[in-house]
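Each chain, letter by letter, is given below.
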Amino acid sequence: MQMKLNAPQQEAVEHINGPLLILAGAGSGKTRVITHRIAYFIEQGMDPYNILAITFTNKAAGEVRERVDSMLGYGSERVWVSTFHSLCVRILRRHIDRIGYNTNYTIYDTDDQKRLIKETLLYLQMDPKMYPERLIMSEISHAKENFITPSEYDLAAQGDYRKMQIARVYTEYQIRMHNNNALDFDDLLFKTVQLFQDYPDVLEMYQERFRYIMVDEYQDTNTIQFLLVRQLARKYRNLCVVGDDDQSIYKFRGANIMNILNFEEEYPDATVIKLEQNYRSTANILNAANAVISNNEGRKDKVLWTEQEDGDKLQFKQYENEYQEAEMIAYYLLEEKIKNRRNYSDFAILYRMNAQSRVLEEKLLMKNIPYRIYGGQNFYGRMEIKDILAYMKTVANSYDDLSVKRIINVPKRGIGVSTIQKIDQYALQMNISFLDALYQVEDVPGIGKAASKVQKFTELIMDLKDDLSGSRSLAEFFDCILDRTGYQEELIAEHTEEALSRVENIDELRNKVIQYEEDAETPSLEELLEEIALISDVDSLNSSDDRVVLMTIHSAKGLEFPCVFLCGMEDGIFPGSMTINSGNTEDMEEERRLCYVGITRAKQKLYLSCSRQRMMHGSSSRNPISRFVKEIPSELIDAGGFRTALNQPVTRVDEASRVAPVFKVDPSKPPFGRTFTVNKAVTLDYGIGDTVEHVKFGQGVVTEIVNGGKDYEVTVEFDKYGTKRMFASFAKLKKLEES
DNA sequence: AATGCGATGCCTTAT
DNA sequence: GCATCGCATT
């Protein structure tokens, strides 16, 4: 651990007035500078109340506050440290009524958004096949990220039929969001910027309050965040942004790397400080990272260096399939743990996509290695959690039609789709909320005996509203929901393993409610719901429980681990096939930055691995070694006998990786060191699944290849002659078609 | 209205 | 390989 601040760090800490850009390489003590800077400001007599620090995750915010607190022992609670989203939520809770929303608005997550889009498409009679929700969602999201209103979008769409259709959805979607008194994630930013734009008095209030602004991970800010920061900083111009252009990895969600690259143009009087000394990783790991990232063009020039020892070489292994890869990761993990007396929590297994976690999980489970998976299906995204939350949201905001529709027949009350549609129709005509329409169910035409069922439901909601005002705590209210709905009872009655785990999840949610109530100064249902809406998976990462961590490289940004496994290092996975096929240089550079982020998470040991064959959406595919692995100088890598192949030029290695022999691992006797043998007498230009031709037997498909030392034993299923096993050197099989 | 079945289509990455 | 969706059945 670094003892005292180095010169540039010190300079950054003591810079008080005017714009400041801190280019902080990975592991260069960024958080340290931020926390010291806040502490320094307070020591200099500044009011902590005037300081705003924006971080990427709630977890990071908590850490900043904690560290400032431990440095000063006071004052930190008055510093406003939060993420962009929670900053906006808190501002809007106070002032959103100025722009026509109710301050008890609901926050919609991606799932809610999707439902609403679906409803909207139906209403506009647009074909979801022509306009997939996915596409619409990203269009709307990108519009909002660029502060483009529906009418502006429509204006720009003129002449482009497709865009004009999307403009219709965007417009109707926003109307519905407004009617539901709901905001999605993008709206939180959008509405705040809009509020500040339309109400300069409100903006000035916050400008006065936030005289000193710090933004972390600035390279991942998008346009709307840029605008928000610019608004807030305009008056006092005491803006300090910290970031690393090499770690910009969120282009897909609108992050604009130009925000950091052009900071000096936006603020010509900006001071620029570079932090280039890395305190995290060994020299070998750092050099590998430097080598990879140096392949990108158009970056701020900066070279990370370290005083640390070389350390161990990076490990690289190619396996036959993803099961073997997972198996060996588990094996090497245990080996390292025992050899160097490490904790499980010293390890992270990182991958490109969440889908890769399943196989890893399976093998860890088999070997009794405690682990925790972050990301993917979020806890709060689970069905039962969303159901219970929908009850809470309905009580908190009766305009939230989406939540009401979600729970009106959950648990089953015999209220079906047709009834819901009729009521929906009625609500639309009367221009009232869905819940209000439910209250007037007797006036809704065409509702027969379902009316009494609906009335039972509305009574339930009214009772719950009474419960909330009558109950002493939110936990008590929570139990009222469970009791009155019978949700939990129904699950218990099911007696299945799945239902049981849902019950457990509900219990966990209950704990969360209790926890919130203990921590909050003035607990309220609204605040509880917003906290839940904005919580991210890594926020709950807790290094004190001794488990291996599994997550995507994206989620791992900002984290560090003594030992890191980067798996699935294959062209087609990482970089992904989309990126490779598109031929887009910018996209490829972003993938490379992601790789850079992955490598620089490791402090001492880095294991890279890939698999020759892998199941991807149902079918098996073969992937060559990732080009990024090949960008690492071979002297930094220990790859057993495979090093030769790595040294070859990229184009030739691609060829070579197809010819390379199949190797088999006996899990009971895991190999040390030399895993690969490249110098074989015979090489095969075909693999499992390929169609081959034999002089005598004709065509067939290769089903198995066994490494028999000098030769390969190849099993082929011939079209006419059945399955034959033969030695490759005699068979002289000719490849016809790849699988 | 609820259930169950086969067909479809789809995968980055996440607040 | 998985989840979602539409359809037919009870």
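All of the points below concern the structure found in this document. Starting afresh in each chain, residues are numbered from 1 along the sequence in its written order. The naming scheme follows written order: chains are lettered A onward, ligands numbered 1 onward. With the structure being a predicted model, the display of local features is reserved for residues of pLDDT at least 70 and the display and counting of side-chain atom pairs for 80 or more, all residues being used for whole-chain, interface and lining totals. Note: side-chain values were computed over all heavy atoms of the structure, leaving out hydrogens and water.

### Observations concerning the overall build of chain A
From N to C terminus, chain A includes 32 helices and 21 strands. Per-residue burial over chain A gives 56% buried out of 739 residues. Should any heavy atoms of two residues lie within 4.5 Å, those residues are considered in contact. The contacts in chain A between residues at least 6 apart in sequence include a share of 74% that link residues at least 24 apart. Of the roughly 33,300 Å² of accessible surface on chain A, 48% is carried by carbon and sulfur atoms. A run of H or I in DSSP counts as a helix once it spans at least four residues, and a run of E counts as a strand once it spans at least two, with each numbered from the N terminus. Exposure categories follow from relative accessible area, calculated using a 1.4 Å probe and restricted to protein chains: below 20% of the type maximum is buried, above 50% is exposed, and the middle band is partly exposed. Methods summary: accessible areas were calculated by the Shrake-Rupley approach with a probe of 1.4 Å, and residue burial reflects only the protein chains presented.

### Some thoughts on helix α23 (residues 487-494)
Turning to α23, its buried residues number three or more, namely Tyr-487, Gln-488 and Leu-491. Seen from one end, α23 has its buried residues packed into an arc of 90°, which puts them on one side. Residues Glu-489 and Ala-493 are exposed on α23 and point more than 90 degrees away from its buried face. Taken together, the buried residues of α23 touch α17 (383-396), α22 (474-485) and α24 (497-519). Think of the arc as the fan of directions from the helix axis to the C-beta atoms.

### Observations concerning the environment of Arg-115
Along the chain, Arg-115 turns up in helix α5 (residues 110-123). The residues touching Arg-115, leaving out its near neighbours within four places in the chain, are Leu-402 and Arg-406.

### Some remarks on the packing of helix α9 (residues 185-198) against helix α10 (residues 200-209)
Closest axis-to-axis distance for the α9/α10 pair is 5 Å, and the angle between their directions is 110°. Relative to α10, the element α9 lies roughly perpendicular. Two secondary-structure elements touch here, α9 through Leu-195, Phe-196, Gln-197 and Asp-198 and α10 through Pro-200, Val-202, Leu-203 and Tyr-206. Put simply, Ala, Val, Leu, Ile, Met, Phe, Trp, Tyr, Cys and Pro go in the nonpolar bin, Asp, Glu, Lys and Arg in the charged bin, and everything else, Gly too, in the polar bin. For the contact of α9 with α10, the per-class residue count stands at six nonpolar, one polar and one charged. The convention used is that axes are lines fitted to C-alpha atoms, helices contributing only their stretch in contact, and that angles between N-to-C directions extend from 0 to 180 degrees. For this classification, under 35 degrees means roughly parallel, over 145 means roughly antiparallel, 65 to 115 means roughly perpendicular, and everything else is oblique.

### Looking at the protein's contact with DNA strand B
To be near a molecule or strand, a residue needs just one of its heavy atoms within 4 Å of it. Among the 22 residues in the neighbourhood of DNA strand B, the closest are listed as Arg-134, Arg-352, Asn-354, Thr-552 and Ser-555. Each atom of DNA strand B within 4 Å of the protein belongs either to a base or to sugar and phosphate, the latter forming 58%. Between N or O atoms, a polar contact is any pair within 3.5 Å; within protein, one atom must be a potential hydrogen donor and the other a potential acceptor, and residues adjacent in sequence are included only when both atoms are from side chains. Between DNA strand B and Gly-414, the relevant distance is 3.3 Å, taken from a phosphate oxygen to a main-chain nitrogen or oxygen of the residue. Residue assignment for the surface near DNA strand B shows that the elements contributing at least two residues are α19 (417-430) and α26 (553-556).

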